[in-house]
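# Reading the structure
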Amino acid sequence: MFGISSVTGYVVAIKGNILPVTPSAISVQINGRNQTVDLISGEQINVLKKPSLAEISFDFLIPYYQYPFVNVELKPVKYYINLLDELMTSGKPFDYIVSRNTPDGKSIYATVQTVSLESYSYEESRENGLDVTVSVVLKVYNPYETKKNYIQEESADNGKTELTVEADVPRADDRELSQYYTVKAGDTLWKICKDYFE
C-alpha cells in the first residue's frame, strides 16, 4: 500500500512538509453541477454549470522507525498529527505539492495547488506496530473577495434627495504568502522541497 520512493515515483508535500512515505494512490474527484430542467412542452434541457471544487484524497503512512523507504528525515508521529490539527483548525488554506520524478530522480512535472483540509482520520493497529496510517481529504481552495457598497443619502440644492453609492475596497486574499525560491540549472522539485522546506 505504501512505499513508492521519491526516486522512482513521486513526492507529496503539504504546507512545505514532505510526507514521510508517499501515498501509493491519490484520488481526485470532480463532480459536475449541471442541472436538468423540465420545460412546459415536456422536453428537458441541460443547464451547464461550472464543476464543483476538486476533492483530493489519499492515505499515507507515518512510520515510527526510519525505514529505508522513508522519503525524509523522520519526525515524531505527534509532529504530523499536530500539523493536521493545525491545518484543520486554522481556517487558512495551504499549498499541496505533488512532484513526479523519473527513475533517475529528474522532475517530470509537478502539481501545486492551494487547498483546505476537509477531513482526516488516523488508525493505529496491532498489525502495523507503532506505525500510524492517516487518511486525508483535501479540497481545492478558490480564493474570493467580498465587496461592500455604502449608500449615502444627500439633499440636493433643488430639494430632491440624491443617493450616492461608494464601493468598499475588497478584502485581500487570505492565503498565506509562500516562501520563494529561484530555480537554478539542475534543480528538481524534490531537491528544492528537501533542501529549502525542511
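This write-up is about the structure you can find in this document. (Residues numbered from 1 in each chain as written. Predicted model: local features only at pLDDT ≥ 70, side-chain atom pairs only at ≥ 80, totals over all residues. Heavy atoms only, no water.)

Here we take up the overall build of the protein chain. Summing up its helical and strand segments, the protein chain has 2 helices and 13 strands in all. Sorting the 198 residues of the protein chain into buried and exposed places 30% on the buried side. Counting contacts in the protein chain only where the partners sit at least 6 residues apart, residues at least 24 apart contribute 56% of the total. Element-wise, carbon and sulfur atoms account for 51% of the exposed surface of the protein chain, whose accessible area totals about 13200 Å². (Helix = DSSP H or I, 4+ residues; strand = E, 2+ residues; numbered from the N terminus. Buried < 20%, exposed > 50% of the residue type's maximum accessible area, 1.4 Å probe, protein only. Contact = heavy atoms within 4.5 Å. Areas by Shrake-Rupley, 256 points an atom, 1.4 Å probe, with all protein chains shown as cover.)

The biggest cluster of nonpolar side chains holds 36 residues, and the ones touching the most others in it are Ile 14, Phe 58, Phe 60, Ile 62, Tyr 96, Val 134 and Leu 138. Those elements giving two or more residues to this core turn out to be strand S2 (10–14), strand S8 (55–62), helix H1 (77–89), strand S9 (94–101), strand S10 (107–124), strand S11 (132–140) and helix H2 (189–196). Of all the elements, H1 adds the most residues to this core, at 6 residues. Not counting the four nearest positions on each side in its chain, Val 134 is found in contact with Phe 58, Asp 59, Phe 60, Ile 62, Ile 81, Leu 84, Ser 121 and Tyr 122. (Core = buried A, V, L, I, M, F, W, Y, C linked by side-chain atoms within 4.5 Å.)

Moving on: the environment of Lys 50. Inspection of the secondary structure assignment puts Lys 50 in the loop between strand S7 (44–47) and S8. A C-alpha to C-alpha distance of 6.6 Å links Lys 50 and Arg 33, two positions 17 residues apart in sequence.

Time to look at the side chain of Asn 101. With respect to the helices, strands and loops of the structure, Asn 101 is situated in strand S9. Only 3.3 Å separates the side chain of Asn 101 from the side chain of Ser 99, close enough to count as a polar contact. (Polar contact = N/O pair within 3.5 Å; in protein donor to acceptor, adjacent residues only side chain to side chain.)

Summed over all chains, the structure comprises 6 aromatic pairs. Both rings, one in Phe 58 and one in Tyr 96, keep their centres 6.2 Å apart while their planes meet at 20°; by these two values the pair is stacked. Of this pair, Phe 58 sits in strand S8 while Tyr 96 is found in strand S9, placing the two residues 38 residues apart along the sequence. For Tyr 96, a relative accessible area of 3% puts it in the buried group. Ring plane angle 90° and centroid distance 5.0 Å describe the contact between Tyr 64 and Tyr 65, whose orientation is recorded as edge-to-face. Of the residues examined, Tyr 65 reaches a relative accessible area of 46% and is grouped as partly exposed. (Phe/Tyr/Trp six-rings, centres within 6.5 Å; stacked < 30°, edge-to-face > 60°.)

One open sheet holds the 7 strands; their spatial order is S3-S2-S9-S10-S11-S8-S5, and the pairing between them is antiparallel. Since the sheet does not close on itself, it has two edges, and those belong to strand S3 (17–18) and strand S5 (26–29), each with one partner. Both S9 and S10 contribute to a ladder of 8 bridges, which runs antiparallel. Across the sheet, residue Ser 99 finds its bridge partner in S10, namely Ala 110. Against the sheet, H1 makes contact with S2, S3, S8, S9, S10 and S11, and its axis sits at roughly 95° relative to S10, the strand it touches most. (Pairing = 2+ DSSP bridges. Axes fitted to C-alpha atoms, helices over the stretch in contact; angles between N-to-C directions.)

On to the pattern of salt bridges, then. Tallying each qualifying case throughout the model produces 2 salt bridges. The salt bridge involving Glu 86 is made with Lys 15; its shortest N-O contact spans 2.6 Å. Here Glu 86 is found in helix H1, whereas its partner Lys 15 is found in the loop between S2 and S3, with 71 residues between them in sequence. Where Glu 55 meets Lys 139, a salt bridge forms, and the shortest distance between an N and an O atom there is 3.6 Å. (Salt bridge = Lys/Arg side-chain N within 4 Å of Asp/Glu carboxyl O.)

Here we come to the side chain of Thr 133. The residue Thr 133 is located in strand S11 in this model. A residue is classified by how much of its surface remains accessible, and Thr 133, at 13% relative accessible area, is buried. Of the polar contacts made by the side chain of Thr 133, one reaches the side chain of Asn 128; its length is 3.4 Å.

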